[in-house]
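So the chains spell out like this:
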Amino acid sequence: MQSENRHAGETGTPHTAAETAPRAGAGAAVRAADAARPGTALVTPATATAERIVRAPKVLLHDHLDGGLRPSTVIELADAVGYRDLPETEPGKLAEWFREAADSPAKAQGDDGGKGLERYLETFAHTCAVMQTRDALFRVAAECAEDLAADGVVYAEIRYAPEQHLEAGLSLEEVVEAVNEGFREGERRALAAGNRIRVGALLTAMRHAARSLEIAELANRYRDLGVVGFDIAGAEAGFPPTRHLDAFEYLKRENNHFTIHAGEAFGLPSIWQALQWCGADRLGHGVRLIDDIHVAEDGTVKLGRLASYVRDKRVPLELCPTSNLQTGAAPSYERHPIGLLRALHFRVTVNTDNRLMSATTMSREFGHLVDAFGYTLDDLEWITVNSMKSAFIPFDERLAMINDVIKPGYAELKAEWLFQHAAGSSGVASGSATPGA
Ligand SMILES: [Zn+2]
């Protein structure tokens with residue numbers, strides 16, 4: 001179970017909600033947590049119940065296309081292309097296999113000769129294997145947009161590495177166009193179902209490969225045509241972002257945007273390079289920034305120079321709580337650095353990373369934080385506004401999303417109690433009788 005991993009190494013944690021109902025959606029978790037903590041059981045207009053979290057507008061900046069397939073789609077696509085290496089062929093079992101395999105690095109705790117990490121990487125070998133044709137990429141992208149919209153996500157930047165989808169003969173351009181068309185289709189299907197979402201693509205280059213300049217040029221060519229930025233991903237150790245300086249310098253000269261996976265497995269030097277050598281607009285994860293923040297016994301906080309810089313410059317941190325637990329970058333939800341980073345007013349954003357491997361959604365990630373830190377709708381709104389401010393689409397569009405979609409959405413949720421009374425009452429006092437009747 002994921003919950004075993006979540007709480008590994010902790011003793012005496014009074015919290016049980018996520019352990020008793022980790023897969024049941026945030027609802028049971030939220031209610032159980034409220035009941036378990038004296039003083040937090042009150043439901044106020046800003047209480048983030050599971051049902052409200054799903055309806056609240058959400059923004060997602062860090063989510064991998066090849067990490068978010070529906071299990072049933074993986075199986076159907078594998079059938080269609082004759083891929084026979086899936087470990088399971090029943091959707092429920094396959095979903096479970098993905099989640100357990102992704103738990104491996106944290107469970108192994110470095111004493112398995114790297115087998116945990118191998119298994120983690122194997123999960124992406126399966127999903128990429130079935131995403132090699134135009135139709136497959138179109139379908140996966142369309143379903144991605146649909147699934148996010150159904151979960152209340154109104155804006156998403158979804159990333160993928162075009163170079164990983166060339167095995168069946170597609171060109172880089174054909175990959176990008178298939179995914180773009182899929183996102184547009186997904187947006188249309190979502191709208192037909194009553195959900196509004198806008199999806200932009202981030203093109204990722206792999207850190208261990210040598211195609212980053214080519215992919216950066218691709219991102220620039222498809223700018224304003226569905227691609228909103230660039231990213232590098234893959235193993236941090238041994239592959240510093242400075243290996244790809246020419247790609248970042250090219251994008252800067254083109255006035256384009258990029259984020260860099262940094263500070264997940266690797267510590268402060270990786271974050272420092274991503275910012276001060278490469279000029280990243282955002283940090284993918286950045287969770288290890290916590291190593292540069294010192295909290296004394298008496299609670300006073302001292303930021304190191306790098307942490308200060310990140311906070312002063314409002315550098316967005318693309319935090320992914322469940323993923324961080326699985327890779328061992330954080331020990332538990334309760335002890336995830338997001339609690340301290342939010343309290344210190346860093347530009348915190350919350351993300352899913354890989355919805356399939358982490359068996360998660362944006363609503364579940366929010367639910368875990370509500371559970372761990374007692375966040376209310378006001379906290380979730382603050383995080384969502386942070387995310388929208390940090391998106392790579394133009395400023396006027398970000399502002400309109402914040403003022404015309406996100407803020408009204410949260411205001412409406414918080415105002416619902418005003419009308420519940422009217423809906424639940426007939427206006428006649430029970431037992432009252434009209435005199436003389
Ligand atoms: Zn990632």
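Residues numbered from 1 in each chain as written. Predicted model: local features only at pLDDT ≥ 70, side-chain atom pairs only at ≥ 80, totals over all residues.

Colleague: I'm lost on the packing of helix H10 (residues 212-221) against helix H11 (residues 245-253) in this one. Help?
Modeller: Pairs of packed helices are described in terms of their axes, by the angle between the two and the distance that separates them. Interhelical geometry of H10 versus H11 gives an angle of 20 degrees and a closest axis separation of 8 Å. With respect to H11, the element H10 is oriented roughly parallel. In this structure, H10 crosses over H11, and the sense of that crossing is right-handed. Residues Ser212, Leu213, Ala216, Glu217 and Asn220 of H10 touch H11, and the partners they reach there are Asp246, Ala247, Tyr250 and Leu251. Per-class residue counts for the contact of H10 with H11 are five nonpolar, two polar and two charged. (Axes fitted to C-alpha atoms, helices over the stretch in contact; angles between N-to-C directions. Helix = DSSP H or I, 4+ residues; strand = E, 2+ residues; numbered from the N terminus. Parallel < 35°, antiparallel > 145°, perpendicular 65-115°, else oblique. Left-handed = near helix turned anticlockwise from the far one by under 90°. Contact = placed C-beta atoms within 7 Å. Nonpolar A, V, L, I, M, F, W, Y, C, P; charged D, E, K, R; others polar.)

Colleague: Sorry, what's going on with the environment of Leu283 here?
Modeller: Topologically, Leu283 is positioned in strand S6 (residues 282-285). A residue is classified by how many C-beta atoms lie within 10 Å of it, and Leu283, with 28 of them, is buried. For Leu283 and Glu318, which are 35 residues apart along the polypeptide, the C-alpha to C-alpha distance reads 6.0 Å. Residues in contact with Leu283, not counting those within four places in the same chain, are Thr259, Ile260, Ala262, Gly263, Ile271, Ala274, Val315, Leu317 and Glu318. (Buried ≥ 20, exposed ≤ 12 C-beta atoms within 10 Å, placed from the backbone.)

Colleague: Hey, could you run me through the UniProt feature "site: Important for catalytic activity" (unreviewed entry) in the protein chain in this one?
Modeller: In the numbering used here, UniProt assigns the feature "site: Important for catalytic activity" (unreviewed entry) to His285. Its place among the elements puts His285 in strand S6. For His285, a count of 28 C-beta atoms within 10 Å gives the class buried. The contacts of His285, once residues within four sequence positions are left out, are His261, Ala262, Gly263, Glu264, Glu318, Leu319 and Cys320. (UniProt positions renumbered as here; feature names shortened; annotations may be inferred.)

Colleague: Honestly, the UniProt feature "binding site: substrate" (unreviewed entry) in the protein chain in this entry has me stumped. Any pointers?
Modeller: With numbering matched to this structure, UniProt assigns "binding site: substrate" (unreviewed entry) to His64, Asp66 and Gly234. Taken together, the annotated residues stretch across 171 residues yet fold into one region, lying no more than 13.1 Å apart by C-alpha. In this fold, His64 is placed in strand S1 (residues 58-64). Mapped onto the elements, Asp66 comes out in the loop between S1 and helix H5 (71-81). A count of 25 C-beta atoms within 10 Å places Asp66 in the buried class. Excluding its chain neighbours within four sequence positions, the residues that come into contact with Asp66 are Phe124, Thr127, Cys128, Met131 and Tyr160.

Colleague: It is not clear to me how unusual backbone geometry should be interpreted in this structure. Could you clarify?
Modeller: Most peptide bonds take the trans form, and the phi angle of most residues other than glycine is negative. Even without being glycine, Asp224 reaches a positive phi, approximately 65 degrees. Residue placement: Asp224 occurs in the loop between H10 and strand S4 (227-233). Phi is positive for Arg314, which is not a glycine, with a value near 55 degrees. Inspection of the secondary structure puts Arg314 in the loop between helix H13 (305-312) and strand S9 (317-319). Note on Arg314: 12 C-beta atoms within 10 Å, which makes it exposed.

Colleague: It is not clear to me how the nonpolar core should be interpreted in this structure. Could you clarify?
Modeller: In globular proteins that are soluble, nonpolar side chains generally tend to be buried together. Judged by nonpolar contacts, the single largest core of 109 residues is most densely connected at Leu137, Ala141, Ala145, Val153, Val179 and Ile197. No other element matches the 10 residues that helix H8 (residues 134-150) contributes to this core. (Core = buried A, V, L, I, M, F, W, Y, C linked by C-beta atoms within 7 Å.)

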